[in-house]
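# Notes for the structure review
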Amino acid sequence: MRRDGVVLLGLCLGLLRPGRGQPLQVEPPEPVVAVALGASLRLTCRLACAGSGTAAVQWRGLDTSLGAVQSDAGRSVLTVPNASLSAAGPRVCVGSCGDHTFQKTVRLLVYAFPDQLSVSPATLVPGVDQEVACTAHKVTPVGPDTLSFSLLLGDRALEGVRTLGPPEVEEEEPQEDEDPLFHVTERWLLPPLGTPTPPALHCQATMRLPGMELSHSRPIPVLHSLTSPALPGTTSPQPPSLTSPEPLNATSLGPPDVTSPEPPDTTSPEPPDVTSPGAPRKQGSMGTCCSEIHQAVPTEAGVAPKSSPSPGPAQLPTDLWMGSVVLALLLLSFLAYRLRKRCRCPDPG
């Protein structure tokens, strides 16, 4: 009696048809099937009819792009290649055995959850309150029941962290021929880290979908001191001494002795006296001698002796230069005096 009651209930609900067939079988069997954006999915629907009847099976879509369908006796295969966000929605498998029809609906859920997390700040400083932000880029769906964030110390949630409002959702700038995606940011107020200071915290984003759970994490290093360690070689070497190295020995590199060798004695040998002794000298010779004396007088532009090249200013101190100039002036004055006395010419002017 109990078995007959169960069969009768099945007949009333339309689940079993005696001698007519069995309900549809769909793989995967979940009512909601998640597929990653850009991935491919294959759904298979089967129906077996009792007796000699042949089952007819076909996939149908409701206001969605159906995909590629291959059907044969008792089976239909639906392939969704390169799934896009527009491919999400219900798919219906319809089968029939004779005049009896069966159907089963599967909803496709297209998601995007790449491993693209960013954190701010890049490093944490112990001993102070600070705000921490974690952002998941190019994700969908973004509902609070689907996407969540947590701040971990090791494998446990960090205690004492306060969430600063609900997650911030902003649409990404879509590239050409790309589906619109979102980036979601969660912010916390982090209390001062205790001692011992952990090497790092981890921001973890988790997406929960029918039949699966996905997670990505990003470390946030913690500095072990408030001041950054000194980099090797940051101390500059001692500045160079402003005093130049020891000057060259002025006595060893002194200017050539302008007094030696002795200048030629202009008084000897005496020029031959072309006139008779005691004859007065001609005025022309005296004028020539006087003009030579005037040419021998040193001028301001020609005070340096031409007997030998003098060392450059980088080799001799200024005092030695001044001494050389004074000696040259004295020597030229002496020569002019001797010539004037020799010629006995009147003073010019």
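Note that the structure is a prediction, hence the values are computed from the model and not measured.

What follows deals with the sheet that holds strand β12 (residues 156–157). Read across the open sheet, the 4 strands follow the order β12-β11-β16-β17; overall the sheet is antiparallel. Looking at the sheet topology across the chains shown, the edges are occupied by β12 and β17 (212–221). Note: strand β16 (residues 200–209) against β17, 10 bridges, orientation antiparallel. Across the sheet, the residue bridging to T206 is S215, located in β17.

Next up on the list: the pairing of strand β5 (residues 68–72). For β5 and strand β6 (residues 75–80), the ladder comprises 5 bridges, and the chain directions are antiparallel. Bridging from a neighbouring strand, S71 pairs with S76 of β6. Hairpin connection between β5 and β6: a loop of 2 residues separates the two successive antiparallel strands, and G74 in this loop has a positive phi of roughly 75 degrees.

Looking at the secondary structure, you find F149 in strand β11 (residues 147–153). Judged by its relative accessible area of 13%, F149 falls in the buried class. Along the chain, F149 and C134 lie 15 residues apart, while their C-alpha atoms are 7.9 Å from each other. Setting aside residues up to four positions removed in sequence, F149 forms contacts with C134, A136, V184, E186, W188, Q204 and A205.

Predicted confidence across the chain gives a mean pLDDT of 73, with 64% of residues reaching 70 or more. In this model, residues 1–21 is a region of pLDDT below 50 whose contacts with residues beyond four sequence positions or in other chains number 19 contacts.

Moving on to the nonpolar core. Ranked by size, the top nonpolar core spans 26 residues in total, and within it F149, L151 and L190 carry the most contacts. Counting residues per element, this core draws most heavily on β16, which supplies 5 residues. Grouped together as the second largest cluster of nonpolar side chains are 22 residues, L24, L41, V106 and V110 included.

Turning next to helix α3 (residues 318–343). Counted at 1.5 Å a residue, the expected span for α3 with its 26 residues is 38 Å, and the 38 Å between its end C-alpha atoms agrees. When α3 is considered as a whole, its buried residues turn out to be A328, A336 and C343.

Along the polypeptide, G95 turns up in strand β7 (residues 89–97). Remark: the alpha-carbon pair of G95 and A55, spanning 40 residues in sequence, is separated by 6.7 Å. Those residues within four positions of G95 in sequence are excluded, and the remaining contacts are L24, L47, A56, V57, H100, T101 and F102.

This part takes up the sheet that holds β7. The strand order across the open sheet built from 4 strands is β2-β8-β7-β4, with neighbouring strands paired in mixed fashion. Taken across any chain shown, the strands that pair with only one partner, and hence form the sheet edges, are β2 (32–36) and β4 (55–61). Averaged over all adjacent pairs, the angle separating strand axes in this sheet is 25 degrees, with direction ignored. Note that β2 and strand β8 (residues 100–111) share 5 bridges and pair parallel. Directly across from V35, in β8, lies its bridge partner V110.

Attention now goes to a nonpolar patch on the surface. Together, V326, L327 and L330 make up a nonpolar patch on the protein surface, roughly 270 Å² of accessible area in all. On the secondary structure map, L327 appears in helix α3.

This part is about the pattern of salt bridges. Close approach of charged atoms allows side chains with opposite charge to pair. For the structure on display, the rule yields 5 salt bridges. In this structure, the salt-bridge partner of R187 is E131, at a minimum N-O distance of 3.4 Å. Of this pair, R187 sits in strand β15 (residues 182–190) while E131 sits in strand β10 (residues 130–139), placing them 56 residues apart in sequence. For E168, the salt bridge is made with R187, and the minimal N-O distance between the two is 3.0 Å. With E168 in strand β14 (residues 168–171) and R187 in strand β15, this residue pair connects regions lying 19 residues apart in the sequence. Under the relative-accessibility criterion, R187 is labelled partly exposed at 28%. If you follow the salt bridges from partner to partner, you end up with E131, E168 and R187 in one network.

Moving on, we come to the state of the cysteines. Applying the stated criterion across every chain, the model contains 3 disulfides. Residue pairing for C49: its cysteine sulfur links by disulfide to C97, the two sulfurs lying 1.7 Å apart. On the sign convention where negative means left-handed, the S-S torsion of about -90 degrees between C49 and C97 marks this disulfide as left-handed. Taken as a pair, C49 in the loop between β3 (41–46) and β4 and C97 in strand β7 lie far apart in primary sequence, 48 residues in all.

Conventions used here
- Residues numbered from 1 in each chain as written.
- Predicted model: local features only at pLDDT ≥ 70, side-chain atom pairs only at ≥ 80, totals over all residues.
- Heavy atoms only, no water.
- Pairing = 2+ DSSP bridges.
- Helix = DSSP H or I, 4+ residues; strand = E, 2+ residues; numbered from the N terminus.
- Buried < 20%, exposed > 50% of the residue type's maximum accessible area, 1.4 Å probe, protein only.
- Contact = heavy atoms within 4.5 Å.
- pLDDT = per-residue confidence, 0-100.
- Core = buried A, V, L, I, M, F, W, Y, C linked by side-chain atoms within 4.5 Å.
- Expected span 1.5 Å × (residues − 1).
- Axes fitted to C-alpha atoms, helices over the stretch in contact; angles between N-to-C directions.
- Patch = residues over 30% accessible without salt bridge, like charges linked within 9 Å, V, L, I, M, F, W, Y side chains within 5 Å.
- Areas by Shrake-Rupley, 256 points an atom, 1.4 Å probe, with all protein chains shown as cover.
- Salt bridge = Lys/Arg side-chain N within 4 Å of Asp/Glu carboxyl O.
- Disulfide = S-S within 2.5 Å.

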